[in-house]
Amino acid sequence: MSTVQFKVQGSTAEPYIVTFIKRSDSNLSAICTCRAGENGQYCKHRFSILEGKSDGVVSTNIDDVQTVVKWLIGTDIEAEITKMRTLEAEAAKIKNELSKAKKNVAKAMRD
């Protein structure tokens, strides 16, 4: 089991602590001390690091971001992120189609 911890500057004066634990080749845990992370919700700090972004990292181990990105490959988290991104794309498409349909209804009402 390997662990990497980052200090990430968020919306509070004190940086959040984001911890990644590689439990096995297929299991990775991610914990953040922000309010969302502590409540088990979507946390942009964890996702940012998993996407390879280090702009919020204020600890001296910025190079470890790429280590965590490599850990993600083949894990249960990667599979769920892939599902989430697919659903986000589908939702955006549906939102666009719905907007067009609303405009068409409004146009039909004027004719």
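Residues numbered from 1 in each chain as written. Predicted model: local features only at pLDDT ≥ 70, side-chain atom pairs only at ≥ 80, totals over all residues. Heavy atoms only, no water.

Colleague: I'm lost on the overall build of the protein chain in this one. Help?
Modeller: When helices and strands are tallied, the protein chain shows four helices and three strands. Ordering the α and β elements of the protein chain from the N terminus gives β-β-β-α-α-α-α. Taking 2.2 N^0.38 as the reference for a compact globule, 111 residues should give roughly 13 Å; the C-alpha atoms of the protein chain span a radius of gyration of 19 Å, well beyond that estimate. When the backbone C-alpha atoms are referred to their principal axes, the protein chain occupies close to 65 × 35 × 25 Å. Taken over 111 residues, the protein chain has a buried fraction of 26%. Taking contacts inside the protein chain between residues at least 6 apart in sequence as the whole, the part at least 24 apart equals 43%. Both charge centroids of the protein chain, one from 17 positive and one from 14 negative side chains, sit 8 Å from each other. (Helix = DSSP H or I, 4+ residues; strand = E, 2+ residues; numbered from the N terminus. Rg over C-alpha atoms; globule rule 2.2 N^0.38 Å. Buried < 20%, exposed > 50% of the residue type's maximum accessible area, 1.4 Å probe, protein only. Contact = heavy atoms within 4.5 Å. Lys, Arg positive; Asp, Glu negative; His and termini not counted. Charge placed at Lys NZ, Arg CZ, Asp CG, Glu CD.)

Colleague: Quick question: what am I supposed to make of helix H3 (residues 64-72) here?
Modeller: An α-helical segment advances 3.6 residues per turn. Residues three or four places apart therefore align on the same side. Of the positions making up H3, those classed as buried are Val65, Val68, Trp71 and Leu72. One side of H3 holds all its buried residues, which, seen down the axis, span an arc of 115°. Buried positions along H3 lie against strand E1 (2-8), strand E2 (16-24), strand E3 (27-32), helix H2 (44-50) and helix H4 (76-110). Positive backbone phi, at 80°, marks Gly74, one or two positions downstream of H3. (Arc of directions from axis to C-beta.)

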